[in-house]
Amino acid sequence: MKIYKYQIESALILLLCMDVTYLNELFHKLPFIQYVGRCVLLVYLLINSIYQIKHKKYRVSGVLKSIIIFVLWIFWMTFIREGEVTECFKIFSAPLLVCFYIDQKRNNIQIYKCLLVWTKILFIFVFIDFLTQIAFPNGIYRDSMYALNWFLGYKTSRLAYTLPLCVFSSIVSMWRNGKIIWKTWSCYLLSIFTLFYSQATAASVTVLMTCILINLICINRKGRFKERIWEKLLDFKFVLILYTIISILVVYVQNSPQIQYILVNVLHKDPTLTTRTYIWKLCISSLAQHPLTGLGYLNTLDYQNLTNNPYATSAHNMSLSILISGGFIAICIYIAIFFMAWRGFKKNANVEKKISSIAVIALLVVGMTSSAMVFSTCAFIFYELMEILDRCRLEH
């Protein structure tokens, strides 16, 4: 079996960006090696981009430009607030590297082949996570707070692997076969099982609904009437309205005795969303000091000190995490990324773009109660794919 250069590149890029706590505990120098590797590749891609732009062989996408501005703004705010600048760059170097690499593959059939390589790697990692859950029902290690930690960590932390796995597999399946095949279904089932078994309820439901919507789009997608329905449902205005409604419902949970009764007595959940609402309140109070520019990037210890809560390892909300890191300016830049990705949706809404748009919606939904995806390796890749896959209409 012949191994191609792009396969080695794609695998190396993703492996350098994958942050698995269990592996970090086994190999203490692994995070540093990955960080150095990401820095080297970012410099290489930057020099290569400048060379290609100079010779008019490459043009940076609008989404990637917005992502770079977003990252630089948070980096600058972290520096101004005398925060952990190095750690900030370590975190953002992963999603930036992934987007930089895939952006240079647009207008090229290799973009799908790269996604295929990433799908295989993600499947291996999620499958190992599945095996550890079966072999060790009570977890394979215990950290300072939680005991139910498996290969990919605690609860929602595995969403950074399962959601991209389902999305990438769906895109590749549609490109290669024109339909969702059994291999993609196995990715769906494996992802949902590992999330559900780890008791990540919201994340497992979100991935389940994502898989259902993807299949509804891919099955019987021909016909003007059906196309118009999906264009309306996936229109950015509808998505923003839906996101606002769901956000209000999440807040409504706090003040509704009926919903609290269902949460406590039927679903056996904490009515305060596992203390999240208290964390949100404390984060918002701290944000009041610098609402426009934010506090810069905060790590786990910073959030614990900020809220005086050992369980507040993050803001547990995507929008709030962005606000804390870069204020309302960062939110405006993130909205610009959103609009850039959705630009021209009605004109060029191919099936791959629709799949990517559903992944973006999944990010927004799960981000209401979790910060697991906001600055993860695949934090921006779905936005990037929404723009560049429109230009990749080459036949297999």
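Rules used throughout
Residues numbered from 1 in each chain as written. Predicted model: local features only at pLDDT ≥ 70, side-chain atom pairs only at ≥ 80, totals over all residues. Heavy atoms only, no water. Axes fitted to C-alpha atoms, helices over the stretch in contact; angles between N-to-C directions. Helix = DSSP H or I, 4+ residues; strand = E, 2+ residues; numbered from the N terminus. Parallel < 35°, antiparallel > 145°, perpendicular 65-115°, else oblique. Left-handed = near helix turned anticlockwise from the far one by under 90°. Contact = heavy atoms within 4.5 Å. Nonpolar A, V, L, I, M, F, W, Y, C, P; charged D, E, K, R; others polar. Expected span 1.5 Å × (residues − 1). Bend = angle between axes of the 7 residues up to and from the residue. Core = buried A, V, L, I, M, F, W, Y, C linked by side-chain atoms within 4.5 Å. Buried < 20%, exposed > 50% of the residue type's maximum accessible area, 1.4 Å probe, protein only. Salt bridge = Lys/Arg side-chain N within 4 Å of Asp/Glu carboxyl O.

Below, the discussion takes up the packing of helix 1 (residues 5–17) against helix 6 (residues 110–135). The angle between the axes and the distance between the axes are what describe a pair of packed helices. Where helix 1 meets helix 6, the closest approach of the two axes is 9 Å, and the angle between their N-to-C directions is 50 degrees. One element, helix 1, and the other, helix 6, form an angle in the oblique class. The way helix 1 lies across helix 6 gives a crossing that is right-handed. Together, Y6, Q7, S10, A11, I13, L14 and L15 of helix 1 and Q110, K113, C114, V117, W118, I121, L122 and F125 of helix 6 make up the contact between the two elements. A class-by-class count of the residues in the contact of helix 1 with helix 6 yields eleven nonpolar, three polar and one charged.

Next up on the list: unusual backbone geometry. Backbone geometry places K155, a non-glycine residue, at a positive phi of 45 degrees. Notably, Q199 is not glycine yet its phi reads approximately 70 degrees, a positive angle. One can find Q199 in the loop between helix 8 (182–197) and helix 9 (201–218).

Attention now moves to helix 5 (residues 85–103). With 19 residues, helix 5 extends 26 Å from end C-alpha to end C-alpha; this agrees with the ideal 27 Å at 1.5 Å per step. The sharpest bend along helix 5 comes to roughly 35 degrees, located at S93, with the proline P95 sitting one to four residues further on.

Attention now moves to the nonpolar core. In terms of nonpolar packing, the biggest core is built from 119 residues, with F70, W118, F382, Y383 and L385 touching the most fellow members. Here this core takes 13 residues from helix 15 (residues 318–342), the largest share from any one element.

Structurally, the position occupied by I140 is in the loop between helix 6 and strand 1 (149–150). Taking the C-alpha atoms as reference, I140 lies 9.5 Å from G153; in sequence the two are 13 residues apart. Excluding its chain neighbours within four sequence positions, the residues that come into contact with I140 are Y22, T132, N149, W150 and F151.

The next point concerns the pattern of salt bridges. As a working rule, side chains carrying opposite charge can pair if their charged atoms are close by. Overall, the coordinates contain three salt bridges when judged by the stated rule. We note a salt bridge from E9 to K105, for which the minimum N-O separation is 3.8 Å. Within this pair, whereas E9 is found in helix 1, its partner K105 is found in the loop between helix 5 and helix 6, the two being separated by 96 residues in sequence. Classification of E9 by relative accessible area gives partly exposed; the value is 25%. D129 is the partner of R158 in a salt bridge, and the nearest nitrogen-oxygen pair spans 2.8 Å.

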